[in-house]
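A closer look at the structure
What follows is each chain in one-letter form.
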Amino acid sequence: MWWFRRKGPSGFSYSSTAEEVTEGIDGSGLTAIVTGHTLLHWKTLAKMNGLLHLTTLGIFLLLFFYLHAGASSGIGTETTRVLALRGVHVVMGVRNMEAGKGVKEAIAKEIPAAKIDAMELDLSSMASVRKFASEFNSSHLPLNLLINNAGIMATPFMLSKDNIELQFATNHIGHFLLTNLLLDTMKKTSAKMKKEGRIVNVSSMAHKYTYREGIRFDKINDQAGYSSILAYGQSKLANVLHANELSRRLKEDGAEITANSLHPGPVTTNLFRHHSFVEGLVSKLGSYVLKNVQQGAATTCYVALHPQVKGITGEYFADSNLAKASKRGTDVNLAKKLWDFSMNLVK
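For the structure given in this document, a descriptive report is provided here. Only a predicted model underlies this, so the values are computations on that prediction, with no experimental measurement involved. Within any chain, residue numbers begin from 1 and follow the written order of that chain's sequence. For this predicted model, a pLDDT threshold of at least 70 governs which residues receive local features, and a threshold of 80 or more governs which side-chain atom pairs are given and counted, while totals over whole chains, interfaces and linings are taken from all residues. Think of the side-chain values as coming from all heavy atoms in the structure, minus any hydrogens and water.

Helix and strand content of the protein chain: 12 helices and 10 strands. Residue exposure (1.4 Å probe, protein chains only): buried if accessible area is under 20% of the type maximum, exposed if over 50%, otherwise partly exposed. Within the span of the protein chain, comprising 347 residues, buried residues form 57% of the whole. In what follows, residue pairs with any heavy atoms lying within 4.5 Å of each other are defined as contacts. For the protein chain, long-range pairs separated by at least 24 residues make up 81% of all intrachain contacts whose partners lie at least 6 apart in sequence. Here the open area of atoms and residues is found with the Shrake-Rupley method and a 1.4 Å probe, where only the protein chains shown may cover a residue. Accessible surface computed for the protein chain: about 15,400 Å², of which carbon and sulfur atoms make up 55%. Runs of H or I in DSSP of at least four residues are treated as helices and runs of E of at least two as strands, each being numbered from the N terminus.

Written as structure tokens, this is what we have:
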């Protein structure tokens, strides 16, 4: 539809692809870390699917949340491919090393000159995050771009290995700790290369749909009041707030590193493959309202590489353009409180 191709101030639109927004950009000499991809938990999907047998409203509730969540299955892979295409050396942080090896081989077939490595990273485990960061820092590789993309979506209530609610642990705390542990390397790289470093948090429009208090600091592990959907929104709000507070602190330090967050958009995936009716509906709607993976990775690649974004920090993007986060997403005091809360958890 024409309005999806309507360009914003950046010159790009909802329909722009990752290749289009990085066309002509030379990323040679840059090193990036890209963490995994987002998955909607199958048990929650099955539970939500129960609505479909009861009411047509259930169908639209399911689709509404899915379309606004920005589920990014495959975006991490496409981000890696396009960055590699532009000459960036990409280090993938992946839970499944076999899958990571497969991605590396597939991209190498298409782009023989691609520089891609895979390292094991489980963001739900602080021990795994510390191990990854230690091994990366010991490699003496530079680090120009950190793309915090991985996550899980709408899981049943579970605790991480560190006894933190799983979505909050994986989507926020894992990336918060990873970023802190890699920050010195990024600062040294920026100073040595005299080039701006960029930290990119892949959030979601779902950050607008969270618990009433925004972040439930006193009830992070409260199973009784747990909502898989609102907990996902809480973790995505944390991604936005983390980028904002990090941006403020980097400015204070005088570091030439930016930190921003973004909504990738609703992306076509195979999440509904076990639910034929919904899959058919998504398939029909998909050609009109859903992005493909190439379009879904566009905003991430734009914020990571495009010269238009130079010097822009503490902002929220969508469709490769500046956008507005929710009121809570721009709450400075909430961001500071989350930072302190997160620091206590990672200690």
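Having put the structure on the table, let's press on.
Every case where a carboxyl oxygen of Asp or Glu lies within 4 Å of a side-chain nitrogen of Lys or Arg is listed as a salt bridge. Evaluated as defined, the whole model comprises 16 salt bridges. Here Glu110 and Arg81 are joined by a salt bridge, their closest N and O atoms 2.8 Å apart. Of this pair, Glu110 sits in helix α5 (residues 97-110) while Arg81 is found in helix α4 (residues 75-85), placing the two residues 29 residues apart along the sequence. For Arg81, a relative accessible area of 11% puts it in the buried group. A salt bridge links Asp222 to Arg216, with the nearest nitrogen and oxygen atoms 3.6 Å apart. Judged by relative accessible area, Asp222 falls into the partly exposed class, the value being 25%. When salt bridges with common partners are traced through the structure, they connect Glu19, Glu78, Arg81 and Glu110 into a single cluster.

With respect to burial, strand β1 (residues 31-35) is a largely interior element, 5 of its 5 residues being buried. By the alternation rule, side chains of β1 split into Thr31, Ile33 and Thr35 and Ala32 and Val34, which are all buried. When DSSP finds two or more bridges between a pair of strands, those strands are recorded as paired. Alignment of β1 against strand β3 (residues 89-94), held across 5 bridges, turns out to be parallel. Residue pairing across strands places Thr31 opposite His89, the latter belonging to β3. Relative to strand β5 (residues 145-148), β1 is paired through 3 bridges, and the arrangement is parallel. When the bridges of β5 are listed, Ile33 appears paired with Leu146.

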